[in-house]
Amino acid sequence: LNIYLYPQHSNTSVGIPLEFKAFGYFSDLKIKDITSEAQLLISGPEDFILGKTGTLIPKKSGEYQILAKYKDIFSNPAYLAIKESQEKEIEKEIEKLISINILPFKPIVPYKSQLGFVSLGTFLDSSGTYFIRDISKQADWYIKKDEEVIENRDNKIIFTSTGKTVVFCRYRKLESFPQEIYVQDKPFILNETLKHIT
């Protein structure tokens, strides 16, 4: 009936592998992993190396979309943001920070409101295992508005001007991908509502 492709939003650097999973929702009400049977369709396939099932290695920076196709049924689109790899000193570390993602994704907030962001670091340990850790309290936080960058005290940010604002953070010399926030011009009452599950 439907195909779901995960993750829906991915940020990484050139040369860092990405793994996707495709799940089929069938008429018997069962959800099955169909990654090995699905075909991945990418906007700009020449910019990627196709690895094992569901794995891509980006060769070029940019923004891309990806779909999974299974028996003429297409999945939801997934969005990729690939940045250039940074020259780093070779270090023997127990764990290596690969990327940083910020949640919530593109929130809309009222004027003069406060929003607490979460920063999730993806790490690679010496055994080759990937894991994710909340680094919100350890990261340095920044707000960018009209090309002006301001350091924030922590991950709780108060929005005092309307329009589009960008939030990002840094941890272990690595910068997260920017998260766009739209600040509405009039305050409104926020009811607690579940918007995303990541």
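No experiment lies behind these values; they were computed from the predicted model shown.

J.: I'm lost on the pairing of strand β9 (residues 62-70) in this one. Help?
T.: Each regular strand shows side chains that alternate between the opposite faces of the sheet. Of the pairings in the sheet, the one linking strand β6 (residues 39-42) to β9 comprises four bridges and is antiparallel in character. Note that in β9 the partner of Leu41 across the bridge is Leu67. Bridge count for β9 against strand β11 (residues 78-83) is five bridges, and the pairing is antiparallel. Its bridge partner lying in β11, Glu63 is registered against Ala81. Here β9 pairs with strand β10 (residues 73-74) via two bridges, running antiparallel. By the bridge assignment for β10, Tyr70 is matched with Ile73. Counting the residues in the hairpin turn of β9 and β10 gives two residues, including Lys71, whose phi is positive at 50°.

J.: Would you take a moment to explain the pattern of salt bridges for this structure?
T.: Two side chains bearing opposite charge may form a pair once their charged atoms approach each other closely. Enumeration over the complete set of coordinates arrives at seven salt bridges. Taking the shortest distance from any N to any O, the salt bridge between Arg172 and Glu95 comes out at 3.2 Å. Of this pair, Arg172 sits in the loop between β20 (163-171) and β21 (174-175) while Glu95 sits in strand β12 (residues 95-103), and the two are 77 residues apart along the sequence. Given a relative accessible area of 41%, Arg172 falls into the partly exposed group. Assessed through its relative accessible area of 18%, Glu95 is described here as buried. A salt bridge links Arg170 to Glu175; the nearest nitrogen and oxygen atoms lie 2.9 Å apart. A cluster of three or more residues bridged by salt bridges with shared partners is formed by Glu95, Arg133 and Arg172.

J.: Before we go on, may I ask you to explain the sheet that holds strand β4 (residues 21-25) in this structure?
T.: In a beta sheet, neighbouring strands are held together by backbone hydrogen bonds and run either parallel or antiparallel to one another. With respect to topology, three strands assemble into an open sheet ordered β1-β4-β5, the strand pairing being antiparallel. Either end of the sheet is taken by a strand with one partner, and the two such strands are β1 (2-6) and β5 (31-33). With direction set aside, neighbouring strand axes in the sheet form an average angle of 25°.

J.: What exactly am I supposed to notice about unusual backbone geometry here?
T.: Backbone phi values are negative for most residues with the exception of glycine, while trans is the configuration of most peptide bonds. Backbone torsion omega between Tyr6 and Pro7 reads -10°, so that peptide bond is classified as cis. The residue Pro7 is located in the loop between β1 and β2 (9-13) in this model. The peptide bond linking Leu103 to Pro104 adopts the cis configuration, its omega dihedral lying at 5°. In this fold, Pro104 is placed in the loop between β12 and β13 (108-110). Positive phi outside glycine occurs at Lys106, with the angle close to 45°.

Reading the values: rules and limits
- Residues numbered from 1 in each chain as written.
- Predicted model: local features only at pLDDT ≥ 70, side-chain atom pairs only at ≥ 80, totals over all residues.
- Heavy atoms only, no water.
- Pairing = 2+ DSSP bridges.
- Helix = DSSP H or I, 4+ residues; strand = E, 2+ residues; numbered from the N terminus.
- Salt bridge = Lys/Arg side-chain N within 4 Å of Asp/Glu carboxyl O.
- Buried < 20%, exposed > 50% of the residue type's maximum accessible area, 1.4 Å probe, protein only.
- Axes fitted to C-alpha atoms, helices over the stretch in contact; angles between N-to-C directions.

Read these as layout, nothing more, since geometry by itself doesn't imply function.
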